[in-house]
Amino acid sequence: MDFNVKKLASDAGVFFTRAVQYTEEKLGQAEKTELDAHLENLIARADCTKNWTEKIFRQTEVLLQPNPSARIEEFFYEKLDRKIPSRTTNAELLGQYMQDAAKDFGPGTPYGSTLITVGEFQRRLGAAEREFLQTSAINFLTPLRNFLEGDWKTISKERRLLENRRLDLDVCKARLKKAKLAEAKAAAAPDFQETRPRNYVLSASASALLSAEVDKAEHELRVAQTEFDRQAEVTRLLLEGISSTHVNHLRCLHEFAEAEVAYYAQCHKHMQDLQKELSRANGDTFPDAFAVNASTSGMSPGPAPLPTATLPGVSSPSHPPNGSNALESNTLKIEEVKPPATGTRKAKVLYDYDAADTSELSLLADELITVYTVPGMDPDWLIGERGNQKGKVPVTYLELLS
């Protein structure tokens, strides 16, 4: 091991000198060269850019990969310059589980066939999510990382050099000031008399030494000032490049937003397609989810039909078809309908609904009502009760509670 004692001692001396200098500047006991206002503004803007870019980068990482362990694993892969393995998204895994379960339950059964359908759309959602994650990582995260790990490190290095040049300049200023003060003091109080030639010679020699010390200090100051000005210009050019960084990050932000819009549009389309698939299979799979056995007045064991309003991205549904209303109004009198002994359920109203006639019950969003069905009733409608009010209500406006 090459252990350079001289270099170690020199570095330790520089460190100690810098520490003393910083302390004196803080206490106001040493002169400090101030940077020009334009450079100070550039430095403040650069610090602001770095801080917010770092926060946005970290939070985007959390958004795209909420699992901390996975983020740490990806970090090590990047540092080792190895390709990050492709991961199955949660939606894809859920879709696979659903389809595997359908094989055991029987793909020909209502539950099994629905699992296959929903599982397929979950896999499509997972594929869309995977594409969004990859696009966002390339178009948004990578430029931010390149700035933090590349451009900003260069800027920080040049700023440290500028600070060292400033400290060197201040040391030279202090040294020159001290040399001039000593020269002036010697000139004001000469230590010799005309009757003593030996003292005159010694004082003249000391004056020459002081003058040489001043000349040397002035030369060192000029060199330090030149190096400081050169480093200030280099730093200024790098800091002015922050404007170009903002332009680049703006473009990346647009690409990230466009990728996010495309992703959610795909998800919305997949959910609409799933809703249509379930609606087509609704009649065969769930012929009457609330069918009541006339002899027992019990609920059928089949699951409830999926309300339209519970699917993502679906707005308030239109009124259900009323083609059978005329027939029902002739055969079903609301005031004569009695709730079954068992089989009633609570339901939460999802949207406001205005009754079309006296046989229907108006609804207010978020209220709870009791619902049930009667034999021969249109499966798109239920009987709803609220206090002593009673009437038909559309199923699509309700969230059925267990």
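Keep in mind it's a predicted model, so treat the numbers as computed, not measured.

Caption draft 1: Here's a closer look at the confidence of the model for the protein. Averaged over every residue, the pLDDT of the protein is 80; the share at 70 or more is 76%. When pLDDT is averaged over each element of the protein, helix 2 (residues 37-64) comes out on top at 94 and helix 8 (residues 325-331) at the bottom at 45. Under a pLDDT of 50 for its full length, residues 285-314 has, in the predicted model, 56 contacts with residues more than four places off or in other chains.

Caption draft 2: Region of interest: helix 2. For helix 2, which comprises 28 residues, the first-to-last C-alpha distance of 40 Å matches the rise-based estimate of 40 Å (1.5 Å per residue) to within 8%. Those residues of helix 2 not exposed but buried are Leu-39, Leu-42, Ile-43, Ala-46, Thr-49, Lys-50, Thr-53, Phe-57, Thr-60 and Leu-64. If you check the start of helix 2, you find a side-chain oxygen 3.1 Å away from the backbone N of His-38, and it comes from Asp-36.

Caption draft 3: Region of the structure containing the packing of aromatic side chains. If you walk through the whole model with that rule in mind, you get 9 aromatic pairs. An angle of 20° between the planes, with centres 5.3 Å apart, marks the rings of Phe-105 and Tyr-111 as stacked. In this structure an aromatic cluster arises from ring pairing among Phe-132, Phe-140, Phe-256, Tyr-263 and Tyr-264. The ring of Trp-52 carries the charged tip of Lys-55 above its face, separated from the ring centre by 4.6 Å.

Caption draft 4: Structural view of the sheet that holds strand 1 (residues 345-349). The strand order across the open sheet formed by 5 strands is 4-3-2-1-5, and the pairing between neighbours is antiparallel. Single-partner strands in this sheet number two, and they are strand 4 (389-394) and strand 5 (398-400). Each neighbouring strand pair of the sheet contributes to a mean axis angle of 40°, computed without reference to strand direction.

Caption draft 5: Molecular detail of the packing of helix 2 against helix 5 (residues 110-188). Relative orientation of the contacting elements helix 2 and helix 5 amounts to 150°, with a least axis distance of 10 Å. Judged by the inter-axis angle, helix 2 sits roughly antiparallel to helix 5. Pair helix 2 / helix 5 crosses with left-handed handedness. When its residues are assigned to classes, the contact of helix 2 with helix 5 shows 16 nonpolar, 4 polar and 6 charged.

Caption draft 6: Structural detail: the environment of Leu-278. Relative to the helices and strands, Leu-278 is located in helix 7 (residues 242-285). Judged by relative accessible area, Leu-278 falls into the buried class, the value being 18%. In this structure, the C-alpha to C-alpha distance between Leu-278 and Val-118, residues 160 residues apart in sequence, is 8.6 Å.

Caption draft 7: Structural detail: the pattern of salt bridges. Here the structure, examined in full by the defined rule, presents 18 salt bridges. One salt bridge connects Arg-165 with Glu-227, and the closest N-O pair in it is separated by 4.0 Å. Within this pair, whereas Arg-165 is found in helix 5, its partner Glu-227 is found in helix 6 (residues 197-240), the two being separated by 62 residues in sequence. Residue classification places Arg-165 among the partly exposed positions, given a relative accessible area of 25%. Taking the relative accessible area as the measure of exposure, Glu-227 reaches 33% and is therefore partly exposed. Through salt bridges with shared partners, a single ionic network connects Arg-58, Glu-61 and Arg-145.

What counts and how
Residues numbered from 1 in each chain as written. Predicted model: local features only at pLDDT ≥ 70, side-chain atom pairs only at ≥ 80, totals over all residues. Heavy atoms only, no water. pLDDT = per-residue confidence, 0-100. Helix = DSSP H or I, 4+ residues; strand = E, 2+ residues; numbered from the N terminus. Contact = heavy atoms within 4.5 Å. Expected span 1.5 Å × (residues − 1). Buried < 20%, exposed > 50% of the residue type's maximum accessible area, 1.4 Å probe, protein only. Polar contact = N/O pair within 3.5 Å; in protein donor to acceptor, adjacent residues only side chain to side chain. Phe/Tyr/Trp six-rings, centres within 6.5 Å; stacked < 30°, edge-to-face > 60°. Lys NZ or Arg CZ within 6 Å of the ring centre and 35° of its normal. Pairing = 2+ DSSP bridges. Axes fitted to C-alpha atoms, helices over the stretch in contact; angles between N-to-C directions. Parallel < 35°, antiparallel > 145°, perpendicular 65-115°, else oblique. Left-handed = near helix turned anticlockwise from the far one by under 90°. Nonpolar A, V, L, I, M, F, W, Y, C, P; charged D, E, K, R; others polar. Salt bridge = Lys/Arg side-chain N within 4 Å of Asp/Glu carboxyl O.

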